[in-house]
Amino acid sequence: MAKIIGKALPDMPWEDKPEGCTEPVWRYSKNPIINRFGNKRSNSVFNSAVVPFEDGYAGVFRCDSRSISMDLFAGRSENALDWKISDEPIVFEDDCDPEVLRKEYRYDARITPIEDRYYITWCNGYHGPTIGVGWTKDFKTFHQLENAYLPYNRNGVLFPRKINGMYMMMSRPSDTGHTPFGDIYVSQSPDMEFWGRHRFMMGTVPGNTSAWQATKIGAGPTPIETDEGWLLIYHGVLNTCNGFVYRMGVAILDIDEPWKVKHRSADYIMAPWELYECVGDVPNVVFPCATLQDANTGRIAIYYGCADTVTGIAFTTVDELVNFAKEHDMNK
Ligand code: BMA
């Protein structure tokens, strides 16, 4: 039995695996949990992050507006299913270089609690996409730090604690457009400002052995610490005659040197099968950005964007994912 190293979260959303289901991940029966109309001006609400906060939950949501501009909005929930999302985008305090606050666009946030702060990373427009970094303690006042990298970069995802005394972040160097390539790297920082010691972690899989991740891959939710290593859920993309298709995969990373991949599944764990994942503003996308997990039971709820339009959740357990990564290991 694999074990989550972390906190108990007995009240997190959960449904047992349906009878007869042989998948490693199963969807919430009432998906999607957030529809297009998550706040006043939203065209779509997806690729968003949530964390346990105080006696409930807090989140940072990607709400694309009716003018199709991308920005981040704070939200709160008692049960992690019904969300109240602010109508006004997050405003960062002016306690940093004004150049950093210059806003072009922001999207696809992750939230990573480290020590007494909730760090937020997102795809931040700065002469092209790069990784924005900020933090909050209360989800009311937000502070922005320096962009982590030069453009162009996407899918910046922090590890939830220092490793060997360093903050560590995954990222996916990219281009200005709908990048037709992309591998995951890990970078280190002593202070959340200067990032270096860049290490290749894992890349696309060319050929015919795991084609769902042949075009590009990117880290998903904050990795989950387990007694088997870091559990990473990520997205993999295949370019088809109808455009990109986004699926989800799982890997287990070395706990001290997380750029070393111990196991990586050749089979996807989840793919766009349901109507709300296949029909929307961008069809055929499941895009995970957060999990909630309970260390006592090993339960995991994955929060994911569906067809770049609505937000869904899906359930699994640490055991399901660890076993799946080992059983379908592409290096076996
Ligand atoms: C990526 C990002 C994601 C989006 C995906 C599919 O490049 O923009 O936010 O979900 O494309 O459109």
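Residues numbered from 1 in each chain as written. Predicted model: local features only at pLDDT ≥ 70, side-chain atom pairs only at ≥ 80, totals over all residues. Heavy atoms only, no water.

(A) How the structure looks around the site of the ligand. By nearness alone, every residue bordering the ligand is listed as N47, R62, Y107, D108, Y246, V282, V285, F287 and D308. Contact between the ligand and R62: an oxygen atom at 2.7 Å from a side-chain N or O atom of the residue. For the ligand, the accessible surface in isolation is 310 Å², of which the surrounding protein chains cover 87%. With respect to the pocket detection grid, the ligand is positioned in the second largest pocket. (Near = heavy atom within 4 Å. Polar contact = N/O pair within 3.5 Å; in protein donor to acceptor, adjacent residues only side chain to side chain. Areas by Shrake-Rupley, 256 points an atom, 1.4 Å probe, with all protein chains shown as cover. 1 Å grid on protein atoms, 1.4 Å probe; cavity = no way out; pocket = protein on both sides within 12 Å on 5 of 7 lines; lining within 4 Å. Sits in = over half its atoms within 2 Å of the grid points.)

(B) Seen up close, empty space enclosed by the protein. Within this structure, the stated rule accounts for 1 cavity of 30 Å³ or more. Of the voids in this model, the largest cavity is the one considered here, and its volume is about 40 Å³. Lining the largest cavity are E23, V25, R27, Y268, I269, M270, A271 and W273. Residues of the lining of the largest cavity, tallied by class, amount to 6 nonpolar, no polar and 2 charged. (Points joined across faces, edges and corners; volume = space filled by probe spheres on them. Nonpolar A, V, L, I, M, F, W, Y, C, P; charged D, E, K, R; others polar.)

(C) Examining the pattern of salt bridges more closely. The full count for this structure, using the stated rule, is 14 salt bridges. One salt bridge in this structure joins E320 and K17, with 2.9 Å as the shortest N-O distance. Here E320, found in helix α3 (residues 318-327), pairs with K17, found in the segment before β1 (26-27); they are 303 residues apart in sequence, far enough to count as distant. Judged by relative accessible area, which is 23%, E320 ranks as partly exposed. (Salt bridge = Lys/Arg side-chain N within 4 Å of Asp/Glu carboxyl O. Helix = DSSP H or I, 4+ residues; strand = E, 2+ residues; numbered from the N terminus. Buried < 20%, exposed > 50% of the residue type's maximum accessible area, 1.4 Å probe, protein only.)

(D) A look at a negative patch on the surface. A surface patch of negative charge is lined by D97, E146, D191 and E193. Mapped onto the elements of the fold, E146 is located in the loop between β9 (142-144) and β10 (153-158). (Patch = residues over 30% accessible without salt bridge, like charges linked within 9 Å, V, L, I, M, F, W, Y side chains within 5 Å. Lys, Arg positive; Asp, Glu negative; His and termini not counted. Charge placed at Lys NZ, Arg CZ, Asp CG, Glu CD.)

(E) Expanded view of the sheet that holds β1. Ordered in space as β1-β21-β20-β19, the 4 strands form an open sheet in which the pairing is antiparallel. In this open sheet, the two edge strands, each paired with only one partner strand, are β1 and β19 (286-294). As paired elements, β19 and strand β20 (residues 299-306) share 8 bridges and run antiparallel to each other. Following the sheet pairing, L292 is matched in β20 by A301. α3 rests against β1, β20 and β21 (310-317) of the sheet, and its axis sits at about 80° to β21. (Pairing = 2+ DSSP bridges. Contact = heavy atoms within 4.5 Å. Axes fitted to C-alpha atoms, helices over the stretch in contact; angles between N-to-C directions.)

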